[in-house]
Amino acid sequence: MSATPISHDRSPGAAQEPASSRGAIWFDALTGNATPAQGYPTTLLVADAPFAGSEARFISVVPDANHAYPRVRKGETGVIEGWAIAQAVHEVIAADQGKTPRPIIAIVDVASQAYGRREEALGLHQSLAGAAGAYAEARLAGHPVIALLVGKAMSGAFLAHGYQANRLIALDDVGVQVHAMGKSAAARITMRSVEDLERLAATVPPMAYDISAYATLGLLWRLVEVSNAQQPGTADLAQVDTVLRDALADIQADPTRGLASRLGAENRQASARVRAKLRAQW
Amino acid sequence: MSIATQPAPATHPAAANSRSLESLASRQSIVELGARERAAALLDPGSFRELIDPFERERSPWLAAQGVVTQADDGVVVAKGTIDGQPAVVLAIEGAFQGGSMGEVGGAKIAGALELAAEDNRKGIPTRAVLLLETGGVRLQEANLGLAAIAEIHAAIVDLRRYVPVVGLIAGSVGCFGGMSIAAGLCSYLVVTREARLGLNGPAVIEQEAGIDEYDSRDRPFIWGLTGGEQRFATGLVDAYVEDDVEQVRQTVAALVNGPLPTSPKSDAWQHYLSKLAAYNPSVAIDAAGVRQLYSTPEAS
């Protein structure tokens with residue numbers, strides 16, 4: 001018997017319809033309100049929908065206030081989510097063998113990995129490795145993988161869902177944030193005050209939480225301006241669709257399958273220099 | 001593949017009570033060695049060659065700006081050599097520097113070396129890789145560049161493990177956490193000692209985020225019970241459980257890294273884990289024994 005609900009009841013009367021998260025809103029918008037595929041937890045929306053003249057698989061993590069796991073009710077990525085993402089990706093890899101590998105689009109709005117005793121006990125690290133590994137394998141198998149950051153992209157959750165993409169795209173919006181740890185925990189671990197942390201973040205780009213500082217690190221392929229990241233209108237949607245298609249074309253024109261396109265920025269010089277030295281000394 | 005050579009007793013290692021004096025005298029602890037010595041101990045004698053050694057002064061460009069002392073190797077040792085005659089690269093994280101945290105330079109050393117090992121394999125040189133994981137994960141002073149480097153380490157492991165085994169060793173005593181625990185989960189094989197801990201979130205972070213009732217970071221028996229090497233081996237999340245003994249560790253790592261690839265990497269086992277997890281009711285907390293039972297019961301057909 002499954003303790004985790006695996007069906008999607010998104011009808012108006014459904015118990016505890018998740019407060020419309022950005023992940024759900026953008027999933028609906030980009031898939032044309034496609035009905036999410038069956039066989040996944042309530043927290044994972046998966047659909048194959050028209051994209052760039054063909055079809056793409058869209059995957060989004062969403063909150064469920066009634067989640068059976070207490071530490072995964074605000075959109076965190078827990079043991080079920082990690083393995084379910086792996087399922088959604090591996091199914092596509094298997095289905096497309098011998099065919100043109102379809103694009104996979106990860107819609108990223110992940111508050112964090114789950115912080116819980118059950119999760120650690122059950123091997124959350126292995127579950128998130130399942131997700132990260134699946135995306136990496138899809139990329140190596142020739143699936144164009146694109147991550148679209150529409151909300152928070154935090155730490156282990158982002159590593160599991162999105163960071164393995166060929167191209168990263170983010171909405172240029174204050175609600176879009178990338179970071180390794182929430183501010184209060186980061187302050188405790190580094191033995192600083194939250195104020196000190198914020199002061200440092202203003203001058204040390206990799207420590208900042210905002211997407212414009214993140215953009216200086218060279219990891220994003222594009223930063224997209226939208227008029228409303230929370231409730232995208234037709235123009236916003238068209239704009240994002242165009243950038244996604246451009247990313248697809250860019251991936252298809254790129255003979256490599258790795259992540260080397262992220263290494264060009266001024267603020268990541270050491271990452272490139274260390275690789276050059278290793279190659280020279282190898 | 002599952003191997004355990006002379007499983008250690010379940011008591012805390014400080015006791016070391018059941019071992020004879022002779023065996024203690026003949027053993028050399030790996031936990032007590034630093035990263036460079038660990039790497040040297042795994043490579044064939046005389047074959048150790050360090051890349052970007054400390055004399056190159058590849059320090060973190062971000063720590064000094066924050067008044068934090070840097071280290072000339074940024075806490076990561078890249079060593080090429082041979083293991084039982086086969087070409088290998090060993091990537092050793094120094095847990096004593098900044099908790100083994102991954103910054104831009106250290107992360108690039110690991111990712112870059114794994115990328116070159118994969119390139120070697122595509123050219124017909126079967127370079128293997130061993131990761132010595134003593135790390136709390138992302139270095140928070142370099143937050144997003146640490147996270148990016150870890151994503152690149154993940155990518156490189158998944159690429160390389162298609163050709164040769166990538167073996168992770170968590171000897172202790174820092175353990176392996178954060179994004180690097182995901183890297184551990186991507187390895188072809190994992191080797192641990194009783195001193196090892198493996199988990200996504202460090203205890204202090206969980207306590208901060210979820211409260212002391214969820215996770216008491218000072219309760220060592222509880223934490224080792226859930227995330228320690230012995231428990232991870234008993235639940236199948238790691239492949240080998242060894243004594244804190246350099247020679248035993250070396251033999252175990254060598255056999256795995258020069259042996260066959262796993263039928264399928266653990267990280268591909270979504271069907272297995274989802275079916276196991278379906279039998280667990282999360283409204284009830286689970287303890288170490290519960291996880292062993294859940295993960296060891298035969299598959300429901």
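The shown structure was predicted, so the numbers you read here are calculated from the model rather than taken from an experiment.

### Examining the side chain of Thr227(B)
Right, on to step 1. Here Thr227(B) is to be found in helix H7 (residues 220-227).
Right, on to step 2. A relative accessible area of 2% means that Thr227(B) is categorised as buried.
Right, on to step 3. Among the polar contacts listed, one links the side chain of Thr227(B) to the backbone oxygen of Ile223(B), at a separation of 2.8 Å.
Right, on to step 4. The residues touching Thr227(B), leaving out its near neighbours within four places in the chain, are Glu120(A), Ala196(B), Arg197(B), Leu198(B), Tyr215(B) and Arg232(B).

### Examining the domain arrangement of chain B
Residue and element names in this part refer to chain B.
Right, on to step 1. The domain boundaries assigned to chain B delineate domain 1 (27-263) and domain 2 (269-300).
Right, on to step 2. Taken over C-alpha atoms, the centre of domain 1 sits 27 Å from the centre of domain 2.
Right, on to step 3. At the interface, eight residues of domain 1 touch six residues of domain 2.
Right, on to step 4. Counting the surface lost from both domain 1 and domain 2, the interface buries some 560 Å², and carbon and sulfur atoms represent 58% of this.
Right, on to step 5. Run the count over domain 1 and domain 2 and you get zero salt bridges.
Right, on to step 6. Sorting the residues of the side of domain 1 that touches domain 2 by element identifies H7 and helix H8 (229-234) as the ones contributing at least two each.
Right, on to step 7. Ranked by residues supplied to the side of domain 1 that touches domain 2, first place goes to H8 with three residues.

### Re the pairing of strand E5 (residues 128-132) of chain B
Strand residues, when the strand is regular, have side chains that alternate between the two faces of the sheet.
Residues and elements named next belong to chain B.
Right, on to step 1. E5 sits mainly inside the fold: five of its five residues count as buried.
Right, on to step 2. Because side chains alternate across E5, one face comprises the buried residues Arg128, Val130 and Leu132, and the other comprises Ala129 and Leu131, equally buried.
Right, on to step 3. As defined by bridge partners, strand E4 (residues 86-93) adjoins E5 across five bridges and the pair is classed as parallel. In the strand pairing of E5, Val90 is matched with Val130.
Right, on to step 4. Chirality of the crossover, the property in question, places the unit of E4, helix H3 (residues 104-122) and E5 among those that are right-handed.
Right, on to step 5. With four bridges connecting them, E5 and strand E6 (residues 166-170) associate as parallel partners. Bridge pairing in E6 links Leu131 to Gly168.
Right, on to step 6. Regarding topology, helix H4 (residues 143-160) serves as the crossover connection from E5 to the parallel E6, and that connection is right-handed.

### Remarks on the confidence of the model for chain A
Right, on to step 1. On average, residues of chain A score 92 in pLDDT, and 93% of them reach the 70 mark or higher.
Right, on to step 2. Every residue in residues 1-18 of chain A is under pLDDT 50, and counting partners more than four places away or in other chains gives 40 contacts.

### Section: the pattern of salt bridges
Right, on to step 1. Summed over all chains, the structure comprises 32 salt bridges over all chains.
Right, on to step 2. We note a salt bridge from Arg199(A) to Asp196(A), for which the minimum N-O separation is 3.5 Å. Of the two residues, Arg199(A) and Asp196(A) are both situated in helix H7 (residues 194-203); the distance of three residues between them amounts to about one turn of the helix.
Right, on to step 3. The exposure class of Arg199(A) is exposed, given its relative accessible area of 53%.
Right, on to step 4. A relative accessible area of 31% places Asp196(A) in the partly exposed class.
Right, on to step 5. Residues Arg27(B) and Glu243(B) are paired through a salt bridge, measuring 3.2 Å at the closest nitrogen-oxygen approach. Of this pair, Arg27(B) sits in the loop between helix H1 (21-26) and helix H2 (35-42) while Glu243(B) sits in the loop between strand E8 (240-241) and helix H9 (246-257); the two residues are 216 residues apart in sequence, bridging distant segments of the chain.
Right, on to step 6. On the basis of relative accessible area, Arg27(B) is assigned to the partly exposed category, the value being 24%.

### Quick notes on the interface of chain A and chain B
Right, on to step 1. Facing the 79 residues of chain A at the interface are 91 residues of chain B.
Right, on to step 2. Between chain A and chain B, the buried area comes to about 7300 Å², and carbon and sulfur atoms account for 63% of it.
Right, on to step 3. Interface area lost by chain A to chain B is led by Arg117(A), His125(A) and Trp282(A), which between them contribute 13%.
Right, on to step 4. Joining chain A to chain B, the criterion identifies nine salt bridges.
Right, on to step 5. Across the salt bridge formed by Glu152(B) and Arg268(A), the nearest N and O atoms sit 2.7 Å from each other.

### Comments concerning the nonpolar core
Right, on to step 1. Grouped together as the largest cluster of nonpolar side chains are 169 residues, with contacts concentrated most on Leu122(A), Phe158(A), Tyr163(A), Leu171(A), Tyr214(A) and Leu114(B).
Right, on to step 2. Of all the elements, H4(B) adds the most residues to this core, at 11 residues.
Right, on to step 3. Residues lining this core come from more than one domain, with at least three contributed by each of domain 1 (27-263) and domain 2 (269-300) of chain B.
Right, on to step 4. Sequence-distant contacts of Leu171(A), defined by excluding residues within four places in its chain, comprise Trp26(A), Leu148(A), Leu149(A), Val150(A), Val176(A), Ile211(A), Leu223(A), Val224(A), Val226(A), Ala229(A) and Val240(A).
Right, on to step 5. Within the second largest apolar cluster, 29 residues are counted, among which are Val31(B), Leu43(B), Ala92(B) and Ala240(B).

What counts, and where the lines are drawn
- Residues numbered from 1 in each chain as written.
- Chains lettered and ligands numbered in written order.
- Predicted model: local features only at pLDDT ≥ 70, side-chain atom pairs only at ≥ 80, totals over all residues.
- Heavy atoms only, no water.
- Helix = DSSP H or I, 4+ residues; strand = E, 2+ residues; numbered from the N terminus.
- Buried < 20%, exposed > 50% of the residue type's maximum accessible area, 1.4 Å probe, protein only.
- Polar contact = N/O pair within 3.5 Å; in protein donor to acceptor, adjacent residues only side chain to side chain.
- Contact = heavy atoms within 4.5 Å.
- Domains from an automatic or database assignment.
- Buried area = accessible area lost by both parts, 1.4 Å probe.
- Salt bridge = Lys/Arg side-chain N within 4 Å of Asp/Glu carboxyl O.
- Pairing = 2+ DSSP bridges.
- Right-handed = clockwise from strand over helix to strand, strands pointing away.
- pLDDT = per-residue confidence, 0-100.
- Core = buried A, V, L, I, M, F, W, Y, C linked by side-chain atoms within 4.5 Å.

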